[in-house]
Structures are given as structure tokens and as C-alpha cells.
Amino acid sequence: MLHYVGKRLLQLIPVLLGMTFIVFLIIRAIPGDPAQVILGQQASAEAIKALRTTLGLDEPWYIQYFEYLKGLVTGDLGESLRTRTPVMDEIWPYLAATIELSVFAILIAVIIGVNAGIISAWFQNSWFDYAAMVIALIGVSMPIFWLGLMNQWIFSIELGILPTTGRENVRDPVDTVTNFYLLDTIITGQFHQIPTVLKHLVLPGTALATIPMAIIARMTRSSMLEVMRSDYVRTARAKGMKMTWVVYKHALKNAIIPVLTVIGLQMGLLLGGAILTETIFAWPGIGRYIYEAIGFRDYPVIQSGILVVAFIFVMINLVVDLLYSFIDPRIKYD
Amino acid sequence: MRKNKILSLAFLMLLLVSTALYGCNSDNASDDNGDAKEENGDSGEPKTLIFGRGGDSVSLDPITVTDGESYKVTKNIFDTLVNFGEQDTEIHPGLAKEWTPAEDGLTYNFVLEEGVKFHDGTDFNAEAVVANFERWAGGDADQFPYYGSMFGGFGDEEGHVIESVTAVGDFEVEFKLKRPQAPFLKNIAMSSFGIASPTAFEEMGDKFGDSPVGTGPFKFVEWKRNDTITIEKFEDYWVDGEPKLDTVVFRSLPDNSARLNALLSGEIDLADGITPADSATVEGDDNLQLFERPSMNVGYLGLTTTREPFDDPKVRQAMNYAIDKQAIVDAFFEGRGDVAKNPIPPAISGYNDDIEAYPYDPEKAKELLAEAGLEDGFEMELYAMPVPRPYMPDGEKVAEAIQKNLADIGVTAEIVSYEWATYLEKAANGEADAFLLGWTGDNGDADNFIYVLLDQDNIGSNNYTYYENQELHDILIEAQTEVDEDVRNELYAKAQEIIHEDAPWVPLAHSTPLLAGGKNVVNFKAHPTGSDKLASVDLE
Amino acid sequence: MANIAETKQVKEEKVAGPWKEAWRGFRKSKVAVVGMGIVIFFILLAIFGPLFTPQGINDQNLSDRLMPPSSQYWMGTDDFGRDIFSRVVYGARISLVIGFLAVVGSAVAGSILGILAGYYGRWVDTIISRIFDIMLAFPSILLAIAVVSVLGPSLRNALIAIAIINIPNFGRLIRSKVLSIKEDEYIMAAKAIGMKDKRILFSHILPNSMAPVVVQGTLAIATAIIEAAALGFLGLGARAPAPEWGKMLADSSAYLTNAPWTMIFPGVAIMLTVLGFNLMGDGLRDALDPKMKS
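Residues numbered from 1 in each chain as written. Chains lettered and ligands numbered in written order. Predicted model: local features only at pLDDT ≥ 70, side-chain atom pairs only at ≥ 80, totals over all residues.

Peer 1: Any chance you could explain the interface of chain B and chain A here in plain terms?
Peer 2: A common way to express how large an interface is: the accessible area buried when the components associate. Facing 50 residues of chain B, the contacting portion of chain A comprises 52 residues. Listed by contribution, the elements that provide at least two residues to the side of chain B that touches chain A are α1 (2-41), β1 (48-53), α4 (145-151), β10 (247-252), α7 (256-264) and α13 (420-428) of chain B. The element contributing the most residues to the side of chain B that touches chain A is α1 of chain B, with 12 residues. Here the residues of the side of chain B that touches chain A are counted per class, giving 18 nonpolar, 14 polar and 18 charged. (Contact = placed C-beta atoms within 7 Å. Helix = DSSP H or I, 4+ residues; strand = E, 2+ residues; numbered from the N terminus. Nonpolar A, V, L, I, M, F, W, Y, C, P; charged D, E, K, R; others polar.)

Okay, structure coming up:
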């Protein structure tokens, strides 16, 4: 097992290294001078030239790349060209915001998706099954940025029951410790903040959860159907075990593997794919951080931002793989 | 039986979830909206104003930045020696209560306010002013970009206008200039030149921009990047009775519709960058009011004079006749703006109102094209701005309307767009046939429009059309050092005639940028420069 | 020899038989047929719709701005006074073409790379697989944004970006298929009798790997349409005045509260088209490759 983890981690290195290289090349191929962007339309030509020199943008690209790698080895993610702050210092709040949103979304997706899937499988061909599966099908086909806007319109503007944007009530801000606001409210005992923070999570969370929820529901349903047709569930039923018990204990345990894969995959997608959701809901997350950095040609932020997201994505997949063997000891690694 | 049990269980769950959600919702109303209103209504409670805007600040050290989103905040943390008027760019006393310029325009003597304190408790005095100017003059174009462009350079550089800044008393400062600079007072009124606490910037160095210390009405509290910047009332502010608010929170909401939605739901009190399209929504809402920012900008269609067929003034004039500017202003500025005929807005001293605008006349345009040998029209690329700017709320839509106008005179325009950075670069390189662009004045001076945008010195920089005219150049250089206002205005009047005739632009509009706020926001006066002092703003 | 004859027979069955059988299977699934119906509807709309639309897609009529749906304007008008119905209909053409071309592009590129990796193995496989790993580790929409930023925003470049980000999905699929087929007896046999690599690839391996590609392709069109709309929404795709659905949404987002029809119809159009392809893809998967239930 340890051996396997070690091997996987080793394999990671060339992938991440290759990524830095590709990102580095791509962003430097983007036309547009960061110095011009940073200083804006009103800046003079001398100011732009001076800034280019300070930022080291006059160096040949391979030297810049080498410098960047050298920094990475020592744990330095570079310094934002725009704010002149180390990326390491500024990235955490963004990352935390996105992780909180993604975890919330995946929780909604799993709780609703798995349960809907089980009930659908249980009452196969019932009205609930049909309704759930139709909704799931529509869910997978949903352009989530559109869904987000529609939800915002209906629930915030027309009905006025949920906040439109942001993470907190700005008039009564959350004191941050970890930057996971929900956690922070508990740590610092700001219990009255919990419902507020939750409410801010609802709209972006459900928008983000829609697709994984639909996929998980369908996946759970089909694997549940398979498992329920299997002999041992039939035997269990025949032995008169309580139905709910059978379903949740035996069947779910077998159905969980493919569902887990989906969760792992979707969690990764959520991390990076939240750009649109974060824009619509003004969520100060990593997707928007990187997206805006592209606009500002803030090379170190783009490079390191993507690197961090990719790293987390790969790690999640590793953890999911390891969970397989934990859940189902029959799966072995070589 | 069992089936039913599970079904009812599922039902129960659903009910539970929905009640829980409903519970949340009803809380919310009191939480995000109700509370706020109660707070504001009761004078004993702290007053918090949430200002929603399009982006985050870059740094809060005003001298190091060039972006409007930074100045919006620093304007309230720092004071300048002299101030602009409430809604114009006339010069009023600031930290300097009076000043006397010498006859030759080479010396300025400022008498400072006494008893002013920085937020860190240190005293504001002549030494502090000197320290600030020394810090700036000792920098370079990379550190302090606006200092260089407004005062011609740094330190011993040839172009540097300021020869010396000396404290001639505890509260008296003398500026010596190498040559007269007509807009000198307007320059030092710019937000960039806010006076900072010397103790603080010496101590913090590069980090000063993260925790700024000035003498302004509000002091810095907290910055959550890309989210909020919080400033709070400075109890020892030197102006009596100000500020009225206890806390101001600047919140970044980059998406226009998200910002409007936040305003409609009461999550923010004031929203910047309201699109003309949204003005109807705001006006239709009894709880909201609309604020107009007096126009100090120009939006135009630039015609690159080095590219065929725009190297021919006839073709450029034809474009001026072909475009129905009034219709564009009516539809995409919703009438919130004036059709432009000059490169400077009417509010600016030196505006030439005798110029007769090119009327919308497609027939005349066709004639001119025929004279230029282009009776069959031609094909061109039309650059459309990818981002909304205060001078043009929606570049792409304006481009679509222009495309239609041009089609009517037989010109086929293909709309192209690039990301903002690339867009500016390509335009600066002269790669565009015709491009939409605009300018917001920095200090309300004509030089800051005409010289910056149309003089041959600025080709490759802000003169995107590559327009060159020696006569114009001579006039503009003369105007820079002319201290007599009337003579100077004469020069600019002439300059505008030349530009009108040569037609390197199709001036489109002087837009009125819009803001919206709750009905309870009082005394908010939007400033034409785009950064607003909130000292006298109150919530009722 | 008898052995080879047998394999040949098996192979023929595999090529001709399965498709017919698949069609039978496909027809049985109601959902799949509905999906195909939706897809065919949108294809017909894309081809013939623009010929019958009540208004030109670019007919500006500034006096009729933001009119609600009526008998004259079935889906209302946008802020230029253009007929939204006509634009939505024309938008089908754009979305389908983008979806289809992007997927064909990535399927072809992905198949070539996948086959090379799977068939030749060793270092070729290592390099190609690592490249796929790298690409898959990127958040795909970010990669697309970066590519569009390099090439400049336009419909064509959005198409290229979408094609690129989907390459590894096809590549991996084909690679694993090739790996499993390679071990099949008949391929071993063909190799044993000295058949050329090229011939083996084109006459045996490729046709046998097609089923999953068709399934994946159908589903990928659905994703590609959403991705194109997302890029359009971010202003990185179609250029004005093209009536691309995502762009229409972006252009109208300011009018959501006072003219919701400008937002509702293009969104529903995206959703329905994508739904059609998803349903059809599911049906195809069940019919063509029952084992593939991911």
C-alpha cells in the first residue's frame, strides 16, 4: 500500500513539471504586455518600460522559467505582478473559498443524489423513479451559468429569500481564522453567523451541485439495480431481513465504488470549473482569481494557481483510488 | 406496507428539508435586509455603507497605482493639498488652506491647516509634505507612474518640473518649478498625490499599500482580497462633523447584473457602474435612486490615419457623416450622455462650442467616398471594446450599430475584438483600421485630453490613431506653459478646429456614468474623476 | 488455417452485425428515441429554420426594443429590437456546427494519438499518456480560456480550444480499446502471419474501436455545446452580431429583471439540445456497448 502511494506520488512529479512547462509556454504566448495591463490605459510608455525591467520580463523566457522552477523547489510560488504580493500569501483565502463551496456542493450532490438514486432503484418504474430520472437528465444537460442566473433572479430578486452574491453578510462580517467561513463561525463561536453563511452557500452551491448530483443519482440507481438483482441480496430478502437494512448495508456498500469514482472526478471538476459560478455569485474563489489573472497577464498567479488546483485534483484522485481498497478489500494494488 | 413506510419516510425527509430551508429563508430577510435598515434608521447604531463596485483595488498606496478602483478607496483614507470641487475640477483648499502663486508661475507658497493628525497619531505639518514629495521625486516611473507623467519625470531628470519643495515654516511649504506648468494645481489635487504619514511609509516600505495611513476621514481596517475593503470613521478627522458614516465597506462585484441584483436585494447600499440598460430598473424601484456622475470623458471611434483608406481625410470625414451618433447615444447610453463633437467634454475649460458637429448624412458620406475614389465602398475591421468602460458602457453594441450605419454607405465592417490588454496593445501598434476607445480625464485639464490623445508625441502610447500635425503640436506645447487662462483657451479653441477638420476620430459621446443607491443614502455626490469622497455622505 | 478463417468470420460479424443489432437495441429504448427526436429536430431547425424565420437575424429595429413575446415576436425582442425567435433558430446552426466540428476534431486527433500509444506501447505510450495526464489535470475550462486568450476570441478559436481540451478523453478511450483488442486472438494471428502494422491498424483495430468512439462522441457533442456557450458567455467565443446562444445570454444578462424573455429562451434552447444529445448518447451506449456503463 505504502509502496503504491509512493509510486503514485513519484509519477506525479513529471506530470506537474510538464504542467508548469505547458502553462508557462501558453501564457507567454498570450499577446498583451503585463506591464501595460497593470499600469492601464493612462500609463506612459516610460512607466511601462521601467515596469517590464523590474518584473524581469525582459529576460529570455527560459531564464524566467528556470527562475520560476528554482522558486518552486524552495516552496516559493512567485509574486503577483499586479499586487506585488507573494502568491503563497494571497492564494489561501481564494482556495479556501472555493474548497468550501465545492465541498458544500459535493455534499448536496451526494446526499440528494445517492438518496434519489436508491429510492429510484427501490421503486423502479414508479412515478418517483421517472420524475427523478427526468430531473437528473435535465440536470446533466444544464448550462450551470444559466441556471445560476435564473436561480438568482427567482430566489433573490423576485422572492427575496436568499442573498444574491458573496460569502457573508458584509454588514456583519465573519471573523476569519481558517477562511473556511463555516468552520470559522464555529471555532470563534459566532453561532448566529451559521445560518447566514449557509444561506450564502445555497445558490452557488446548488448551481455547482446540479451536474454531479444528476450524475451521482443515475450512477447510484444503475449500480443499485444491479446489486439488488444479485443473489445475496435476494437471499437476504428471502431470509426476511428488514428491507431498509438490506438496502443500506449490503447494496449500498457494493454500489459505492462507482459512485466514489464520480465523486472524485466531480470534486476535481468543481475546483476548476467554478469560474462561471464564482463570477455570477461574486464568490472570491480560486477560479476567479486565476481567470482575472489571465486578464491581467499576471503570469506567476496563473502558473501557480493552476499548479495548485491541478495538484489538489491529482491528490483527490489518489485518495479516491486508495479509498477503493479500503471499502472493498478485494481490490489490490501492485 | 413496507413500501409505504419508506415512501412516507422520504416524504417526511423532504418536508423537513424544505421547512429547514424555509426557516433559513425567513431568517435571511431580517438578516441581510431588515437588520441593515434598522441599523441605519436608528441614530444610536453604527452606520455602515456598503459600496459595490466592479473590481478590487490593486494597492492602497495611491502613488503606486493608476487604477480607478484603488483611488475609490484611497480618496477616503488620504487628503490632498488642494481639493477638486464637489462635482467639478475647480480647485479648493484641502490640507493647504491658502496658497499664493508667484507672478511668473514658478513659485507656489502653501499655508497648511494646523492641528491635523495622521491616523497613526503623528502630526501633519510642512515636514510631512516635504517628506512625501521627496519620496515621490526619488522614485521612478515604475514605482510612482503618475508622478512621472504629471510632473515630467523624477529627481534630476531634464523634464522634471518640480525643482524643490521646502518647508519654510512649521505649516508653510514652498514649491519651486523649473518652468511654469499650467495645470500644476490640478495635478496636485489628483488622488495619486494624497499625503501619507511619513512615519508609516518609512516603517512599512513596500507593505504600506496593505495598511495605508493618511489624514483622511476614514482609516483603514481590513482587506479581504477580491472581496471587501473595510474602512472606519477617523474620530480625530480635522473637518468638523465629518465623516458622518461609521464604516464603509467596498465590495467587489465584477458582474454587472450581480451588482444590480445585490443592490435590489439590499445587500449593498450603493452600486457603481450601473449600465444605462439598468437605469430603468433602478428608476422603477421605489427604494432606489439613481446618481449621475458628471461627464469628464469622451468615447470615440478612432481611425488609424496610417492605414488605408483612412490616410485620406475625406474618408475620415465620410465616417463622421455616416454614423448616427444621436441614435447610438439614445439606444446604448439610454440618453445618459451627450453626443460629442470635440475631443474634450464641454465642462472642461477651453471647450470650443463654435465647432459645428458633422451631421448624420449618409448621402454626403457617399459623396465624400466617391470623391476619394471609393464609390464601391471598402472592407474594414472594426475593433469593439471587450469590456465596459465609464465612457462607453457597451462597446460591442455600439460597434454593431456602427456596423449597420457603415453598411448603409457600402462599407463592410467586420467586428473584431480582443481581450482588453491585447486590444490596447494592438491599437497602440496601429494594427486596427478603426477602433472604439475613450478616455476619462485625470485632472480636468484640456491638456490631459488633447495632448495626451492626439499629439504626435504620444504616438505609440495614447495617440492610437497615429495622427500627426505639426501645427497642432506647436499649439499644444505652447499651451502647456501658458499661465493666462484666456490665452490658453484661445489656443485650445484653435486646436479643436484643426482636429475637427482632419477628423482622426469620430467623436461619439460624453457619457454620464451612472451609480445607484438606496433611498436612504444622502449627500452622495459622484465626482467626475470617478473617485468619490464619502466624508459627508450619510444614511438615513 | 482453419483458425484464421474462423477469426475472419468472427470479425465480419463484429463489423456488420453489431450495428444492426445496436439499432434494434436503440429503438427499444424510449428515452433514446426521444433524444434522437430532439437531435433530429434541432438538426432540421439548423438546416431549414433560417429559411423560414419571420425576421432577419440582424434586423435592428430600435423602436421595438425589448418587446415581450407576442404574435409578432414569438419570443420577444432583444435590446436591438431583433427578433429573438429568429436568432434562437439561427443559433441552432452555430451550436450544432461547433459541437460537431469540435468533437470530430478531438475524436480524430485523440484516436490517432490513442492508437499510436496503444499499438506501439513503450516510450510512445509513455509520452502520449503523460501528455494526456497533464491535460486532464488541468481544469478544462481554464485550459480552453487560456487557448482562446492565445488565439484571440472568436467562434473558430473557441472551436479549436474545445477540440483541444477533449482530445485526451478520446485518446485514453481508444488507447484502452486498442490495448484490449491487441490481445485478441485474431490480431495475434494476423501478426503471426506477418500482416503489416498499418493494415492491422486500419482493417482490424480501428473498426473495432469505433463503437465507443461513437458513444463518447455523441455525449461529447453535448459537453462541447455547453462549453461553447460558456465561452460565448464569458465573451471569449462568438463575436457580435452572431446569434450564438451563450453570447445572447451574456448580451442580455443586464435585462434579466425587466425583460426575462431575453434570457429564458436561449438558455432553454441550449438545455434542450444538450439533453437531446445526452439521451441519444445514453441510448447508443446501452445499445452498442452494454459493458461500457462507465
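Peer 1: For this particular structure, what's the right way to read helix α3 (residues 84-120) of chain C?
Peer 2: Working note: α-helix, 3.6 residues per turn, so residues spaced by three or four point in the same direction. With 37 residues, α3 of chain C extends 53 Å between its outermost C-alpha atoms, agreeing within 8% with the 54 Å of an ideal straight helix rising 1.5 Å per residue. Downstream of α3 of chain C by a residue or two, Gly121 of chain C has a phi angle that is positive, lying close to 60°. (Expected span 1.5 Å × (residues − 1).)

Peer 1: Before we go on, may I ask you to explain the interface of chain A and chain C in this structure?
Peer 2: Taken together, the contacts link 34 residues of chain A with 31 residues of chain C. Sorting the residues of the side of chain A that touches chain C by element identifies α1 (2-29), α6 (127-140), α7 (144-158), α11 (243-273), α12 (275-280), α13 (286-295) and α14 (299-327) of chain A as the ones contributing at least two each. Counting residues per element, the side of chain A that touches chain C draws most heavily on α1 of chain A, at 8 residues. Split by residue class, the side of chain A that touches chain C holds 29 nonpolar, 5 polar and no charged.

Peer 1: In this structure, what is going on with the sheet that holds β10 of chain B? I would like to understand it.
Peer 2: Hydrogen bonds between backbone atoms are what pair the strands of a sheet, whose relative direction is either parallel or antiparallel. All names here are of chain B. Strand order in the open sheet made by the 7 strands is β8-β9-β10-β1-β11-β19-β12, with mixed pairing throughout. Each having just a single partner strand, β8 (218-224) and β12 (288-292) make up the two edges of the open sheet. Between one strand axis and the next, the sheet turns through 20° on average, direction left out of account. Of the strand pairs in this sheet, β12 and strand β19 (residues 514-518) are connected by 5 bridges, and their pairing is antiparallel. Within β19, the residue paired with Glu292 across the bridge is Leu514. Contacts between α7 and the sheet are confined to β1, β11 (270-274), β12 and β19, with β11 contributing the most and set at about 150° to the helix. (Pairing = 2+ DSSP bridges. Axes fitted to C-alpha atoms, helices over the stretch in contact; angles between N-to-C directions.)

Peer 1: Would you mind showing me how to read the packing of helix α15 (residues 470-481) of chain B against helix α16 (residues 485-502) of chain B here?
Peer 2: Helix-helix packing: each pair is described by the crossing angle between the helix axes and the interaxial distance. Residue and element names in this part refer to chain B. Viewed as axis vectors pointing N to C, α15 and α16 meet at an angle of 155°, and their least axial separation amounts to 9 Å. Taken together, α15 and α16 sit at an angle that is classed as roughly antiparallel. Relative to α16, α15 is oriented so that their crossing is left-handed. Together, Glu471, Leu472, Ile475, Leu476, Glu478 and Ala479 of α15 and Arg488, Leu491, Tyr492, Lys494, Ala495, Ile498 and Ile499 of α16 make up the contact between the two elements. Counted by class, the contact of α15 with α16 contains 9 nonpolar, no polar and 4 charged residues. (Parallel < 35°, antiparallel > 145°, perpendicular 65-115°, else oblique. Left-handed = near helix turned anticlockwise from the far one by under 90°.)

Peer 1: How do you make sense of the domain arrangement of chain A when you look at a structure like this?
Peer 2: All names here are of chain A. Partitioning chain A into domains gives domain 1 (2-73) and domain 2 (93-327). The gap between the C-alpha centroids of domain 1 and domain 2 is 32 Å. Within the residue set of the side of domain 1 that touches domain 2, elements represented by two or more residues are α1 and α2 (34-39). Here the element with the most residues in the side of domain 1 that touches domain 2 is α1; it accounts for 9 residues. A per-class count over the side of domain 1 that touches domain 2 returns 12 nonpolar, 2 polar and 1 charged. (Domains from an automatic or database assignment.)

Peer 1: Honestly, the sheet that holds strand β14 (residues 337-339) of chain B in this entry has me stumped. Any pointers?
Peer 2: All names here are of chain B. Taken in spatial order, the 6 strands make up an open sheet running β14-β18-β13-β17-β15-β16, and their pairing is mixed. The strands lining the two open edges of the sheet, one partner per strand, are β14 and β16 (412-416). Taken over all neighbouring pairs, the strand axes of this sheet differ in orientation by 25° on average, direction set aside. Where strand β15 (residues 379-383) lies against strand β17 (residues 434-440), 2 bridges are found, and the strand directions are parallel. Across the sheet, Leu382 pairs through a bridge with Ala434, a residue of β17. Its contacts with the sheet place helix α12 (residues 395-408) against β13 (297-303), β15, β16 and β17, and it is angled at close to 165° to β16.

Peer 1: Is there a simple way to explain α13 of chain B in this structure?
Peer 2: All of the buried residues in α13 of chain B are Ala421, Thr422, Tyr423, Leu424, Ala427 and Ala428 of chain B. Against the buried residues of α13 of chain B lie α2 of chain A together with β15 and β17 of chain B. Of the residues one or two after α13 of chain B, Gly430 of chain B is the one with positive phi, at around 75°. (Buried ≥ 20, exposed ≤ 12 C-beta atoms within 10 Å, placed from the backbone.)

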